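Here is how the chains run, residue by residue.
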Amino acid sequence: MTDSLDGVFAALADPTRRAILARLAGADVTAGELAADFPISAQAVSKHLNVLETAGLIVRIREAQ
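What counts and what doesn't
- Here the residue index of a chain counts from 1 through its sequence in written order.
- With pLDDT at 70 or above as the cut-off, local features in this predicted model cover only qualifying residues; side-chain atom pairs require 80 or more to be listed or tallied, and sums for whole chains, interfaces and linings still use all residues.
- Calculation of side-chain values draws on the structure's entire complement of heavy atoms; hydrogens and water are dropped beforehand.
- Convention adopted: a line fitted to C-alpha atoms gives each axis, helices being fitted over their contacting stretch, and angles between N-to-C directions are expressed from 0 to 180 degrees.
- Each helix corresponds to a stretch of at least 4 residues labelled H or I by DSSP, and each strand to a stretch of at least 2 residues labelled E; elements are numbered beginning at the N terminus.
- If an angle is under 35 degrees, it is roughly parallel; if it is over 145, roughly antiparallel; if it lies from 65 to 115, roughly perpendicular; otherwise it is oblique.
- Residues are treated as being in contact if the distance between any of their heavy atoms lies within 4.5 Å.
- Here the term buried applies to any residue with accessible area under 20% of the maximum for its type, exposed to any over 50%, and partly exposed to those in between, with areas from a 1.4 Å probe on protein chains only.

Visitor: Go over the packing of helix H2 (residues 15-26) against helix H4 (residues 42-54) with me, naming the residues and quoting the values.
Guide: One can describe the packing of H2 onto H4 by two numbers: an axis separation of 10 Å at closest approach and a directional angle of 80 degrees. Judged by the angle between their axes, H2 and H4 are roughly perpendicular. For the pair H2 and H4, contact is made by Thr16, Arg17, Ile20, Leu21 and Leu24 and by His48, Leu49, Val51 and Leu52, respectively.

Visitor: Please provide a residue-by-residue account of the environment of phenylalanine 38, values included.
Guide: Within the secondary structure, phenylalanine 38 is located in the loop between helix H3 (31-37) and H4. A relative accessible area of 15% means that phenylalanine 38 is categorised as buried. C-alpha separation for the pair phenylalanine 38 and glutamine 65, spaced 27 residues apart in sequence, amounts to 25 Å. If near-sequence neighbours (up to four positions away) are discounted, phenylalanine 38 is found in contact with Thr16, Ala19 and Ile20.

Dropping the structure here:
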């Protein structure tokens with residue numbers, strides 16, 4: 001249990017990830033929509049999403065077009 005809590009706190013230590021979580025709390029959005037909301041690249045947003053997903057704070061759904 002300590003390891004999972006460490007992962008959660010490590011994920012929440014970054015202010016950008018906290019802001020992403022706050023944005024996701026309001027509504028489901030795509031990674032592209034998130035990238036438009038932050039002054040970082042889409043690739044950086046994706047890396048932040050991976051950290052949040054690994055910590056168990058979000059669930060990503062991938063839909064094919």
